[in-house]
Amino acid sequence: MPDSASTTVDHRTMANAIRALSMDAVQAANSGHPGMPMGMADVATQLFTNFIKFDPRDPHWPDRDRFVLSAGHGSMLLYSLLYLTGYAQPTIDQIKAFRQLGSPCAGHPEFGSMPGVETTTGPLAQGLAMGVGMALAERLLAARFGDQLVDHHTYVLCGDGCLMEGLSHEAISFAGHMKLDKLVVLFDDNHVTIDGGTDLSVSDDQLARFAAAGWFATAADGHDPEAIAAALEAARAATRPSMIAFRTTIGYGAPNKQGTAATHGAPLGEDEVAAARQTLGWPHPAFEIPPEVRAAWRHAGTRSAAVAKAWRQRLATAPEATRAAFEAAQKGDLPDRFDAAIRTHKAALAANPEKMATRKASQLALEVINPLLETTIGGSADLTGSNNTKTSTLGVVTAEDFSGRYIYYGVREFAMGAIMNGLSLHGGFKPYGGSFLIFTDYARPAIRLSALMGQPVIYVMTHDSVGLGEDGPTHQPVEHLASLRAMPGLVVYRPADAVETAECWQLALEDRARPSVIALSRQGLEPVRRQHTDDNLSASGGYVLRDCEGEAAVTLVATGSEVSLAVEVQSALSERRVATRVVSMPSLERFAAQDAAYRRSVIGAAGLRVSIEAAASFGWCDIVGQDGLIIGLDRFGESAPGDQVMAHFGFSATAVTERILARLEATDE
């Protein structure tokens, strides 16, 4: 490289095609961000005509380079590139419908809307961190399958906003530490934010910042094609991650608004669009790309077709075991013996019931899972010993050795979540990562993008209630289960014992289109599943754990550590001749997805329905009804030994039984 198409159409004209499409689409929508696409059009043109490896006819080619538009507000840059280079979508009519209902050209790029959109971006810096995850995935797969099958770059375009977000520090630091040399960040250094010049709010030396984190960092004129090419060549030759600060003019070509915040987040206006056409020497009507310009861009889209064909041939002639393993990893398939292994593990647990924390039970499940699934890749945000996420067969991933399957993320919860999203999006991995449930607050934006994109990332969140004890209210989650359950597309599991924990792991790994949070206890829990069944009872979200003879007067519905408490309460109520049913509900989302008849059969017709969960009461009315008794916790915790804290807040068999009896007596009156 460079390997530009032999064409009479010059660089400036090709770049102006991006500028024209971008300002026209934003103007037609009367909404959007024309400035960044117009400013970075020269960089994008050089990248896509001479450097990036892609094939619009095979958009999911595993060894393609990845292009991540972290500055997602400039989405028309990406849509223009996809259209011009010959992807099936977007069509010109879809571009004309930019930001309109039903168009894949959403205001910010959305994963799954069309091939070529590698990830959902818009929340600034998340694209950067997901790009780190993609670059990490490339190195990990190359270590496993070799550079004949895996050898590609990840390019991330970001702006000042991305680099102001705190996540950027976490991601940059991690990438530098891991020496991810196939990662290239293209910084749109235009000195403008929505509020105005960047001097209003930031004065960082970004080159020094990246260099301090172990990156190769350089600067170039973002409107000089030769300077852009030279910088890209230098970045690709570096032995560490690279950042190029391209000095650009936002809204380049708009004579009265370029270089100002006026071009950032609003249409240019009809008069300025017309003036820009004159300034750029682009006399063509809105949305019209001259045939010779379109042909030049389509030629650029064929640059890597031969490379992709050669790669497919290498895969086809690879050893059968290698090819099968590579294809299985890309598809996300589980091995045939997976179900049998989980059933065997469950049977052993039921045969030898043992009191244990579900975080320990999770590790036992992973000791079964990880040797079977070569695609799992675990990690923790500096809490490995507490989360129990590392198992005996997992080697550690380091900058010197990418053959391992365990990542020490450091104290970077947000980056961990975003990097796992990148690993999942790239393909080839089923990532899971651990922290304390309280720290989902730090990771929540990444969890939300997991859900929005339908990525089956698994968040292993331990220390799931005030029962963790002495660390006190700063570390004791209260509102977290309710807030996570409120997130669309996310499945929250809170298993009651080792058997349920294994079942929840099975369900999370089988789910191909949703992320999971597995909330686990610090404290030891009594086993409640002492009779083995091959069926995964947790799959229905809730089931009758222990029933009573005849019609139940009370139904107890509990999750996690409170299920064994509910069993104790059932015994106490039985002594008072109160017929009681115990329902374990490891996943409210899965239970809600069952049909009404099943839900009624589980909850039953008891006169009093009671929920027991050492967490916020919000949401439990949906299960027990307005007349039900919700035993929860709607205040912050206390610092003391866990059993004392639980008793203090009324989570004891005696206290719960007394509340139920009092409610029954009041009802009788």
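A quick note: this is a predicted structure, and the numbers were derived from the prediction, not measured.

*Asks:* Can you lay out unusual backbone geometry for me, pointing to particular residues and giving the numbers?
*Replies:* The amide bond that connects Gln89 to the next residue, Pro90, takes the cis arrangement and shows omega of 0°. Positionally, Pro90 belongs in the loop between α4 (75-85) and α5 (92-96). Positive phi values are uncommon outside glycine, yet His191 reaches one of about 65°. One non-glycine residue with positive phi stands out, namely Asp382, at about 70°. As for its position among the elements, Asp382 is in the loop between β8 (376-380) and α17 (384-387). By relative accessible area, Asp382 is classed as exposed at 53%.

*Asks:* I'd like a rundown of the sheet that holds strand β17 (residues 608-612), residues and numbers included.
*Replies:* Spatial strand order, β14-β16-β15-β17-β18: 5 strands in an open sheet with mixed pairing. The sheet is open, and its two borders are formed by β14 (543-546) and β18 (629-631), each paired with just one other strand. Taking each pair of neighbouring strands and ignoring which way they run, the sheet shows an average axis angle of 25°. Both β17 and β18 contribute to a ladder of 3 bridges, which runs parallel. Residue pairing for β18: Ile612 is matched across the bridge by Ile631. Seen against the sheet, helix α27 (residues 653-668) touches β15 (554-558), β17 and β18 and runs at an angle of roughly 165° to β18.

*Asks:* Could you give an account of the sheet that holds strand β12 (residues 491-493), naming the residues involved and the relevant values?
*Replies:* With parallel pairing, 6 strands are arranged side by side in an open sheet as β9-β8-β10-β11-β13-β12. Only two strands of the sheet have a single neighbouring strand rather than two, namely β9 (406-408) and β12. Here the average twist between neighbouring strands, direction ignored, is 20°. Across 3 bridges, the pairing between β8 and strand β10 (residues 430-436) is parallel. Opposite Thr376, over in β10, you have Lys430 as the bridge partner.

*Asks:* Explain the pattern of salt bridges to me, and be specific about the residues and the numbers.
*Replies:* A side chain with one charge can pair with a side chain of the opposite charge if their charged atoms come near. Under the definition given, this model contains 21 salt bridges. The salt bridge involving Asp24 is made with Arg277; its shortest N-O contact spans 2.7 Å. Of this pair, Asp24 sits in helix α1 (residues 11-29) while Arg277 sits in helix α11 (residues 270-280); the two residues are 253 residues apart in sequence, bridging distant segments of the chain. By relative accessible area, which is 14% here, Arg277 ends up buried. Salt-bridge contacts for Lys179 lead to Glu400; the nearest nitrogen and oxygen are separated by 3.6 Å. Of this pair, Lys179 sits in the loop between α8 (166-178) and β3 (183-189) while Glu400 sits in the loop between α17 and β9, and the two are 221 residues apart along the sequence. Since its relative accessible area comes to 44%, Lys179 is described here as partly exposed.

*Asks:* I'd like a description of the packing of aromatic side chains, backed by residues and values.
*Replies:* Across all of its chains, the model carries 13 aromatic pairs by this definition. Measuring from centroid to centroid gives 6.2 Å for Tyr79 and Phe98, while their planes differ by 70°, and the two rings are edge-to-face. Of this pair, Tyr79 sits in helix α4 while Phe98 is found in the loop between α5 and α6 (126-145), placing the two residues 19 residues apart along the sequence. Judged on exposure class, the residue Tyr79 and its partner Phe98 are both buried. Seen from their ring centres, Phe174 and Tyr409 are 5.8 Å apart, and the 25° between their planes marks the pair as stacked. Here Phe174 is found in helix α8, whereas its partner Tyr409 is found in the loop between β9 and α18 (413-426), with 235 residues between them in sequence. By the burial criterion, Phe174 is buried, and Tyr409 matches it. Chaining the aromatic ring pairs together yields one cluster made of Phe48, Phe54, Phe67 and Tyr87.

Calculation notes
Residues numbered from 1 in each chain as written. Predicted model: local features only at pLDDT ≥ 70, side-chain atom pairs only at ≥ 80, totals over all residues. Heavy atoms only, no water. Helix = DSSP H or I, 4+ residues; strand = E, 2+ residues; numbered from the N terminus. Buried < 20%, exposed > 50% of the residue type's maximum accessible area, 1.4 Å probe, protein only. Pairing = 2+ DSSP bridges. Axes fitted to C-alpha atoms, helices over the stretch in contact; angles between N-to-C directions. Contact = heavy atoms within 4.5 Å. Salt bridge = Lys/Arg side-chain N within 4 Å of Asp/Glu carboxyl O. Phe/Tyr/Trp six-rings, centres within 6.5 Å; stacked < 30°, edge-to-face > 60°.

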